[in-house]
Amino acid sequence: MSDKSDQNKSQEQPKNNSPKTNKKNIISRRDMLKSLATVPVLGALAYGVYRKQQYKKFLRQNILTETDMSHGTPSPVYFGNAKGDELRIGIIGYGIRGEQLMRALGFPHPETIDSWKQSAVENPQDKRYQFYMNQPDLNVVVNGVCDLFDVRAKRAMEAGANRNRQGTNGKMGKMPKKYRRYTDMLDASDIDAVIVATPDHWHAQIAIDAAKRGKHVYLEKAMTRTVDETFQLRDAVKNSNITFQLGHQGRQTESYLKAEEAINKNVLGKINLIQLTTNRNSANGAWVYPIHPEAGPDTIDWKQFIEPTNNHSFSKERFFRWRCWWDYGTGLAGDLLTHEYDSINQIMHVGIPKSAMASGGVYFWKDGRTVPDVYQVTYDYPDRDLTMFYSGTLASQKDRGKVIMGHDAYMDLGQTMQIYADPNSTKYEEKINKGIIKPDLPIYSYVPGQKGVDAVTSATEQYFAGRGLLYTYRGGRRVDTTHLHIAEWLHGIRTNKQPSCNIDRGFEEAITAHMSTISYRENRKVYWDEKNEKVI
Amino acid sequence: MDTKGSQYKKHQLTILVVLRLLMGWYCLYEGIAKLINPNWSAAPYLMDSGGFMAGFFQSLTSNPELMQVIDILNIWGLMAIGLGLILGFLTRIASIAGIVLLSLYYLSHPPLVGVDYALPTEGNYLWVNKTLIEIFVLAVLLVFPTGDKIGLDRLVFKKSS
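Residues numbered from 1 in each chain as written. Chains lettered and ligands numbered in written order. Predicted model: local features only at pLDDT ≥ 70, side-chain atom pairs only at ≥ 80, totals over all residues.

1. A few points about the overall build of chain B
Okay, so step 1: In terms of helices and strands, chain B carries 7 helices and 0 strands.
Okay, so step 2: With respect to the three principal axes, the spread of C-alpha positions in chain B is 50 × 35 × 25 Å.
Okay, so step 3: For chain B, buried positions account for 32% of its 161 residues.
Okay, so step 4: A sequence separation of at least 24 residues applies to 77% of the contacts in chain B between residues at least 6 apart. (Helix = DSSP H or I, 4+ residues; strand = E, 2+ residues; numbered from the N terminus. Buried ≥ 20, exposed ≤ 12 C-beta atoms within 10 Å, placed from the backbone. Contact = placed C-beta atoms within 7 Å.)

Structural data, given as structure tokens:
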């Protein structure tokens, strides 16, 4: 504030210049001057505001011209309430993810609605219920559910009947049919498409069987558990007419779309290194999920569970915490690296790397698991002069972020996106020297939900930006990315188009993940022979 | 009203008027800065509230229509208070309004022991912060009025008398 005081000294000018003295009701010249003495201060302020605005405009225009970034927010396809024929869906796998997917589809479990309503009453800040009820209608019906654990199968049926998104006392629709064997569901004539959220070891087989029967597939990541399965599934989908979507809902994140524009416009200069990370530090984050009290050999179809993998006696741990074993899961590579990788594949189209070298171990969660809890992979793309480095830990949640590093600038990418010029950039050298570009301030900043994107963001806005943003935005509205990803898939089915995370992207995702897993398990560097399409 | 006012010595009047102008400038520019920033909203500030009234301030953000009203009141309230102080126009009302508004800011972000804010500050505060001092600056301007001497209040209240 103090720097402005010198502009305020003009108020004391009118002193004793009061020649006329009609002092009573008529306003004297002296009164007039003293009354208006401070008006010039407004002029000074107006001038200051004008100067400041001009400076900001100058910076913004200079930086925006330099980066050539568009000013508006990205405008991806947003489907809203679905039109066209009602699609008939089957759900295969109703565990943690399956329940989330059904909710995103528009079929919440009634108990979830109860608990959200209750929370909203207790805490007006909790707007999950309100947001959820605003989620567009996808015009689908759930006709079948399938889960190997009876309790979950029953819950899936209850959710499937909850077309009206009601609580436990609400009006329910028709109950979907429960299937013990997924192939029976795939054979049913009242199923057009399936959402698959089983453990990884069942992914390929179920998706292949669905494709062969012409049923559209939304498949959770990792797409497959082995390299062989990856080829088989690709063939099956390519030889069918189905619409296939792999569950990397990050594809719908608005900041990624803006990031892609920055990459295309070469804002970062030559990119040689990308850092991807996972940073978790909780039992749940380390896949030590709770075991249901009613779980047992008589409520779980264990025989079917282990059908496509190695034999093992009944184990509740293995059934509920399957991600911890190679027999069923794909470890950090398939589970979390794939999300990170897919985001880079989305914005930079990197494809399958030439080589992978991984390391790590079971360092913290010594609970009998076989998959590592600390895991590093280096992927090389010699044709692009690029290394992509992934580092994941399940024993520290220090956020190391996702960083794309170029010679001229680097990009911090998450729900928000910031680009900072490198102090030794060639491209921006002149503007850095002139003080137009400041390396410690972003040259480009994207914050979801703002009314626009800006080259110049205040420190305060920066501070608020990164706080707990779990949703992406469409037209300033909060939306669940999983919902958008499913909506894109359904739209693809209705219009006979392949969605963003189609089988080709899935193939790249799976091969990339498996290369690192093979490298880790066989303790060697693994290569991709692009010509012969072989992992060597 | 208080057109009679107190008689100040010249240097007393000068200091008080300068103080009024500084405070006015500060409020007016805060309002203008918010007005010209298309992304500004009081919502993140309210969300960041701490202390014993945090729940109340945070709850205000849950209603988008109410938030719009709060934003408009903040912007135009600050500008009106600032203009009033600079021009010496309805100075008394401007000072009281300013005290009310700043008290809300203080209560939403009291610098208490063990209460931390995401909002960065440029200094170190314990119980007393900039906002509290500003409240008392306005209190000084309220009890030592100057608008009736240097300012439009001189005309306004002269006319009516």
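2. Some remarks on the nonpolar core
Okay, so step 1: Within the largest apolar cluster, 116 residues are counted, with the highest numbers of intra-cluster contacts made by A:Ile91, A:Leu105, A:Val196, A:Ala207, A:Val217 and A:Met411.
Okay, so step 2: Considering every element that reaches this core, the biggest residue donor is helix α17 (residues 503-522) of chain A, with 8 residues.
Okay, so step 3: Beyond its immediate sequence surroundings of up to four residues, A:Val217 is in contact with A:Val194, A:Val196, A:Ala207, A:Ala210, A:Ala211, A:Ile242 and A:Phe244.
Okay, so step 4: Residues B:Met23, B:Ile32, B:Leu87 and B:Ala94 belong to the second largest nonpolar core, which totals 25 residues. (Core = buried A, V, L, I, M, F, W, Y, C linked by C-beta atoms within 7 Å.)

3. Brief notes about the pairing of strand β12 (residues 409-413) of chain A
Residue and element names in this part refer to chain A.
Okay, so step 1: With 4 of 5 residues buried, β12 lies mostly within the body of the structure.
Okay, so step 2: Summarising the sheet, strand β11 (residues 402-406) and β12 pair through 4 bridges and their orientation is antiparallel. Within β12, the position partnered with methionine 405 by the bridge is tyrosine 410.
Okay, so step 3: The antiparallel pairing of β11 with β12 creates a hairpin that spans 2 residues between the two strands.
Okay, so step 4: Sheet topology places β12 next to strand β13 (residues 417-421); 5 bridges connect them, and they run antiparallel. Bridge pairing in β13 links alanine 409 to alanine 421.
Okay, so step 5: What sits between β12 and β13 in their antiparallel hairpin is a turn of 3 residues. (Pairing = 2+ DSSP bridges.)

4. Section: unusual backbone geometry
Among all residues except glycine, the phi angle is most often negative; among peptide bonds, the trans geometry is most common.
Residues and elements named next belong to chain A.
Okay, so step 1: Geometrically, the link from lysine 221 to alanine 222 is a cis peptide bond, its omega value of -10 degrees lying close to zero.
Okay, so step 2: Note on placement: alanine 222 falls in the loop between β5 (216-219) and α9 (227-238).
Okay, so step 3: Phi at tryptophan 287 takes a positive value of approximately 70 degrees, unusual for a residue other than glycine.
Okay, so step 4: Here tryptophan 287 falls in the buried class, since 23 other C-beta atoms lie within 10 Å of it.

5. Topic: the sheet that holds β11(A)
All names here are of chain A.
Okay, so step 1: The 10 strands are arranged β14-β13-β12-β11-β7-β10-β9-β8-β17-β18 in an open sheet whose pairing can be described as mixed. Either end of the sheet is taken by a strand with one partner, and the two such strands are β14 (442-446) and β18 (534-535).
Okay, so step 2: Along the sheet face, α17 touches β8 (355-361), β9 (374-381), β17 (526-529) and β18 and points at about 55 degrees away from the line of β8. (Axes fitted to C-alpha atoms, helices over the stretch in contact; angles between N-to-C directions.)

6. Thoughts on the sheet that holds strand β3 (residues 177-179) of chain A
Residues and elements named next belong to chain A.
Okay, so step 1: Read from one edge to the other, the open sheet built from 6 strands follows the order β3-β2-β1-β4-β5-β6, with strand pairing classed as parallel. Each edge of the open sheet carries a strand with a single partner, namely β3 and β6 (244-246). Sheet twist, expressed as the average angle between the axes of neighbouring strands with direction ignored, equals 20 degrees.
Okay, so step 2: Pairing geometry for β5 and β6, over 3 bridges, is parallel. When the bridges of β6 are listed, valine 217 appears paired with phenylalanine 244.
Okay, so step 3: Along the sheet, helix α3 (residues 96-105) contacts β1 (87-92), β2 (140-146) and β4 (193-196); its crossing angle with β1, the most-contacted strand, is approximately 165 degrees.

7. Quick look at the pairing of β11(A)
Okay, so step 1: Pairing between strand β7 (residues 271-279) of chain A and β11(A): 4 bridges, direction antiparallel. By the bridge assignment, A:Gln275 is partnered in β11(A) with A:Val403.

8. Section: the environment of B:Ile93
Residues and elements named next belong to chain B.
Okay, so step 1: Considering the arrangement of structural elements, one finds isoleucine 93 in helix α5 (residues 91-108).
Okay, so step 2: Owing to 12 C-beta atoms within 10 Å, isoleucine 93 belongs among the exposed residues under this scheme.
Okay, so step 3: Between the C-alpha atoms of isoleucine 93 and aspartate 148, which are 55 residues apart in sequence, the distance is 13 Å.

Purely spatial values, then, with no claim about function.
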